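Architecture and fold: a report
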2 protein chains.
Amino acid sequence: MNIGEIARRAGVSRSTVSYVLSGKRQVSAEIRDRVTAVIEESGYRPSATARALAQGETRTLGLVIPPMRHHLSVDQLHFVGAVAEAAADHDYDILLSPSGQDRDRAFERMLGERRVDGVIVMETLLHDSRVSTLIERGFPFVTIGRTGSGQEHGWVDLDYAGLVSEGVGKLHALGHRDIALVNRPQELLDREYGPAFRAADAFDKAVVELELHGVARCCDDDDDAAAACVEAIFAAAPAVTAILTINERSLAGLVTALAERGSRVPEDVSVLAIASARNAMSLRPKVSAAEVPAERMGRHAVEALLRRLAEPEGELAHVLLSPPFVDRESLAPRPG
Amino acid sequence: MNIGEIARRAGVSRSTVSYVLSGKRQVSAEIRDRVTAVIEESGYRPSATARALAQGETRTLGLVIPPMRHHLSVDQLHFVGAVAEAAADHDYDILLSPSGQDRDRAFERMLGERRVDGVIVMETLLHDSRVSTLIERGFPFVTIGRTGSGQEHGWVDLDYAGLVSEGVGKLHALGHRDIALVNRPQELLDREYGPAFRAADAFDKAVVELELHGVARCCDDDDDAAAACVEAIFAAAPAVTAILTINERSLAGLVTALAERGSRVPEDVSVLAIASARNAMSLRPKVSAAEVPAERMGRHAVEALLRRLAEPEGELAHVLLSPPFVDRESLAPRPG
DNA sequence: ACCGGTTCGCGAACCGGTTCGCTAAGAGTA
DNA sequence: TACTCTTAGCGAACCGGTTCGCGAACCGGT
């Protein structure tokens, strides 16, 4: 069933059917009714492909997701879902592009073959080749997380630097002087993954400013790594009485590792995290944490990108979110 | 940059360029080289949209994901990632279609406007309107989870019935006679969500067959619900010494709830789960569990669908996976 | 020199929409 | 009645590819 068939059955031209559908020109009530009746009874819907070709826009957004072997976090999952729903609300669809081993195949295809009108890039690095490519080609996009060249494109980001200094401040206010940071995996830090990088940086600054003794450690995204990390922390700084972690995936492992080495939370060691409430709440004690607002970020990203598509010369969106820490049961004054 | 421009620069016709690209007809070495040189230097890539229109296939697969408010599980996240990667390996793309409040908008658009060549349906119900729609329209698709009309379409499923009876059998073999099942939320059971339904059914059968005292309870997908569920179970059957759960999201809550009411695992109560290793391992004690093989399921689904697209009259794929239980620290013989 | 068979490039039609310019019919005015 | 203006439908061109039929050029054989 195509537009020509509808036109034939309604006894009008194809262009008239098109105008009935789009409303871009006036059509007399009589003809309009006749055409809509035919469309109704035949269940006709115009082909997205043909329209995309004619109009030069696909009404599809690309979402570049991190490779699976990074084991997407719950946050990222929520983010993907939120993006899909936000896009659907605007009658856009989401095309997934896994980056990965040969990441570029899918990414290049998406751009080169013009499958999408714009792109959302997840897990952005400070120096990100995908971002450079997009800028070079003048392709509309928004990143999750800032790059080094932050002013040249739209982004939505979580203020890791702010959260980390706020977190350290909270611990400092409780009297802690020996504080550890559990960061994301070394690999991400090496690749200059923004959150890992900015967290490390902010931690160092806060430590200097507040005249604390700080120890920062990277930790792979799993529970076994957390156990090793706890060992490393206390080996390097036995006096540590507070741990701040931005590594959600290893949070459970961190808490059990502390329990297993005989450190009570929060009597001996305070724990503060940046992690989803769902995750933090299922632990004992319930861990105080600032939540990654994945859903809000998803909606912001979609809306920023759509705004850019509507107004290519408009202002670039820079959205920096800073969710509050919520106190639960893992924080206490420094012992002794 | 389009195919006409390439043809002009290479001094050949558009059709010749097309044949160079597709290799569907012989082209003399001389002309082939000239054309590829021009393509190379101009960075030309054919438009996916135009090709889709001409060939009548989009080389895109639709993935219908559950609504966000169901809070996708880690498994489902992995599944989405695996699907995207498997599709990318075959140079297909994945279009997301969130089902949800007005699920039908995105789903109908995807089908009606022919944005995709085939569809993968997640979280299938025993009586699923999406499946009926797809069958009616003769649209190629594969479901994750069987429906009631299991023989009329391809599917990939986890053998929940088998896993539950195997699990009950294991507990029985350890001497347990009073066994509880923690199922997925009541809402899913009411809507006849396959895993919840089949698990409940298999549990009842196993209980009768082995002459056990069984109690089955639904549990919402969070930790608080797990606490309530534990209370309900012991209120109904104080003698329970073993719990089998297929509710991954509430597993952590289940374990802490047991600890909080003074039941030691596994000395007083054995726990057996169907859950990702990652999740089960981060608990104390480490929970014995059969793992949902999300990644394998994703690849199977994509490959089954692609096979169907290549051979519309070929056999339907029916893949039933049954991962092994792995023993960790949560199982013990019945006390006393 | 003629013939039948290959090889290979070209042009045109097609996929299913959108959009622009034209014009016939009808309305309004003098 | 003649003239202008507006309204609304039609046809054709276009988006950027693919595919089919045609025929020119070249081949070897007699």
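Predicted model only: the values in this text are computed from it and were never measured.

Definitions and cut-offs
- Residues numbered from 1 in each chain as written.
- Chains lettered and ligands numbered in written order.
- Predicted model: local features only at pLDDT ≥ 70, side-chain atom pairs only at ≥ 80, totals over all residues.
- Heavy atoms only, no water.
- UniProt positions renumbered as here; feature names shortened; annotations may be inferred.
- Helix = DSSP H or I, 4+ residues; strand = E, 2+ residues; numbered from the N terminus.
- Polar contact = N/O pair within 3.5 Å; in protein donor to acceptor, adjacent residues only side chain to side chain.
- Contact = heavy atoms within 4.5 Å.
- Near = heavy atom within 4 Å.
- Nonpolar A, V, L, I, M, F, W, Y, C, P; charged D, E, K, R; others polar.
- Buried area = accessible area lost by both parts, 1.4 Å probe.
- Salt bridge = Lys/Arg side-chain N within 4 Å of Asp/Glu carboxyl O.
- Pairing = 2+ DSSP bridges.
- Least-squares fit on C-alpha atoms with pLDDT ≥ 70 in both.
- Disulfide = S-S within 2.5 Å.
- Buried < 20%, exposed > 50% of the residue type's maximum accessible area, 1.4 Å probe, protein only.
- Lys, Arg positive; Asp, Glu negative; His and termini not counted.
- Phe/Tyr/Trp six-rings, centres within 6.5 Å; stacked < 30°, edge-to-face > 60°.
- Lys NZ or Arg CZ within 6 Å of the ring centre and 35° of its normal.
- Axes fitted to C-alpha atoms, helices over the stretch in contact; angles between N-to-C directions.
- Parallel < 35°, antiparallel > 145°, perpendicular 65-115°, else oblique.
- Left-handed = near helix turned anticlockwise from the far one by under 90°.

Side note on the UniProt feature "domain: HTH cro/C1-type" (unreviewed entry) in chain A
Under the present numbering, the feature "domain: HTH cro/C1-type" (unreviewed entry) in UniProt falls on residues 5-30 of chain A. Across residues 5-30 of chain A one finds 65% helix and 0% strand; the C-alpha atoms that close the span lie 19 Å apart.

Brief notes about the side chain of N247 of chain A
Residues and elements named next belong to chain A. By the element assignment, N247 lies in the loop between β8 (242-245) and α12 (251-260). One polar contact links the side chain of N247 to the main-chain carbonyl oxygen of N183, over a distance of 3.4 Å. Those residues in contact with N247, other than ones at most four positions away along the chain, are V182, N183, R184, P185, C219, D220 and D221.

Here's the deal with the protein's contact with DNA strand D
Surveying the vicinity of DNA strand D reveals 29 residues, the closest of which are Q26 and S28 of chain A together with I3, S18 and R25 of chain B. When the atoms of DNA strand D within 4 Å of the protein are grouped by moiety, sugar and phosphate amount to 56% of the total. In the model, a base oxygen of DNA strand D is placed 3.0 Å from a nitrogen or oxygen of the S15 of chain A side chain. Contact between DNA strand D and Q26 of chain A: a phosphate oxygen at 2.5 Å from a side-chain N or O atom of the residue. Going through the elements one at a time, α2 (14-22) and α4 (48-55) of chain A together with α2 (14-22) and α4 (48-55) of chain B are the ones with two or more residues in the surface near DNA strand D. Ranked by the residues each element gives to the surface near DNA strand D, the list is headed by α4 of chain B, at five residues. A class-by-class count of the residues in the surface near DNA strand D yields twelve nonpolar, eleven polar and six charged.

With respect to the protein's contact with DNA strand C
DNA strand C sits among 29 residues. The nearest are I3, S18 and R25 of chain A together with Q26 and S28 of chain B. Sorting the residues of the surface near DNA strand C by element identifies α2 and α4 of chain A together with α2 and α4 of chain B as the ones contributing at least two each. Per-element tally for the surface near DNA strand C: the top contributor is α4 of chain A, with five residues. Looking at side-chain class alone, the surface near DNA strand C contains twelve nonpolar, eleven polar and six charged residues.

So, the interface of chain B and chain A
Contact residues are listed per partner, giving 56 residues for chain B and 57 residues for chain A. For the chain B face of the interface with chain A, the top three residues by lost area are R45, M68 and R278 of chain B, together amounting to 14%. The interface formed by chain B and chain A includes 14 salt bridges. One salt bridge in this structure joins E113 of chain A and R45 of chain B, with 3.5 Å as the shortest N-O distance. Our enumeration of links across chain B and chain A arrives at 28 residue pairs in polar contact (both at pLDDT 80 or more). Elements with a minimum of two residues in the side of chain B that touches chain A: α4, β1 (60-65), α5 (74-89), β2 (93-98), α6 (103-112) and α12 (251-260) of chain B. The element contributing the most residues to the side of chain B that touches chain A is α5 of chain B, with ten residues. When grouped by side-chain class, the residues that make up the side of chain B that touches chain A number 23 nonpolar, twelve polar and 21 charged. Direction of pairing for strand β2 (residues 93-98) of chain A relative to β2 of chain B: antiparallel, over a ladder of three bridges. Counterpart to L95 of chain A in the pairing with β2 of chain B is L95 of chain B.

Focus on the relation of the copies chain B and chain A
Between the two copies of this chain, the relationship is a rotation about some axis together with a displacement along it. When chain B is fitted to chain A, the best match, at an RMSD of 0.1 Å, comes from turning it 180° and sliding it 0.1 Å along the axis. Here the copies are linked by what is in effect a two-fold axis. Among all C-alpha atoms of chain B, that of L95 of chain B lies closest to the rotation axis, at 2.3 Å. Same-surface contact between copies: 100% of interface residues of chain B are shared with the interface of chain A.

What about the state of the cysteines?
Scanning all chains against the criterion turns up zero disulfides over all chains. You can see C229 of chain A has no disulfide; the closest cysteine sulfur is in C219 of chain A, sitting 4.4 Å from it.

Observations concerning the pairing of strand β11 (residues 318-321) of chain B
Residue and element names in this part refer to chain B. The alternating pattern of β11 places V319 and L321 on a buried face, while none of H318 and L320, on the opposite face, is buried. Relative to β11, strand β5 (residues 154-158) runs parallel, the two being bridged by four bridges. Paired with V156 across the two strands is V319, which belongs to β11.

What to know about the UniProt feature "domain: HTH lacI-type" (unreviewed entry) in chain A
UniProt records the feature "domain: HTH lacI-type" (unreviewed entry) for residues 1-55 of chain A in the present numbering. In the segment residues 1-55 of chain A, helix accounts for 71% and strand for 0%; the C-alpha atoms at its two ends are 20 Å apart.

Let's talk about the side chain of E123 of chain B
Residue and element names in this part refer to chain B. With respect to the helices, strands and loops of the structure, E123 is situated in the loop between β3 (118-121) and α7 (129-137). For the buried E123, no salt bridge exists, and the shortest N-O distance to an oppositely charged side chain is 4.9 Å, to R184. A polar side-chain atom of E123 sits 3.3 Å from a polar atom in the side chain of Q76.

Here we look at unusual backbone geometry
All names here are of chain A. That bond from R284 to P285 is cis: its omega, -5°, falls within 30 degrees of zero. Note on placement: P285 falls in the loop between α13 (277-281) and β10 (288-290). Here D91, not a glycine, exhibits a phi torsion of approximately 60°, which is positive. One can find D91 in the loop between α5 (74-89) and β2. A relative accessible area of 28% means that D91 is categorised as partly exposed. With a phi close to 60°, E192 is a non-glycine residue in the positive phi region. Here E192 lies in the loop between α9 (186-190) and α10 (194-210).

Some remarks on the environment of P324 of chain A
Residue and element names in this part refer to chain A. Checked against the element boundaries, P324 lands in the loop between β11 (318-321) and β12 (325-326). When the C-alpha atoms of P324 and E291 are compared, they prove to be 7.4 Å apart, with 33 residues separating the residues in sequence. In contact with P324, not counting residues within four places along its chain, are A289, A290 and E291.

Quick look at the packing of aromatic side chains
In this description, a pair of aromatic rings is defined by centroid distance and the angle of the planes. Counted under the stated rule, the structure contains zero aromatic pairs over all chains. Directly above the ring of W155 of chain B sits R146 of chain B, whose terminal nitrogen or CZ lies 5.3 Å from the centroid.

Quick look at the packing of helix α11 (residues 223-236) of chain B against α12 of chain B
Residue and element names in this part refer to chain B. Following both chains from N to C, one finds α11 and α12 inclined at 50°, their axes separated by 7 Å at the closest point. What the angle tells us is that α11 and α12 run oblique. Remark: the crossing between α11 and α12 carries right-handed chirality. Residues D223, A226, A227, V230 and F234 of α11 form the contact with α12, whose participating residues are A252, G253, L254, A257 and L258. Across the contact of α11 with α12, the residue classes tally to eight nonpolar, one polar and one charged.

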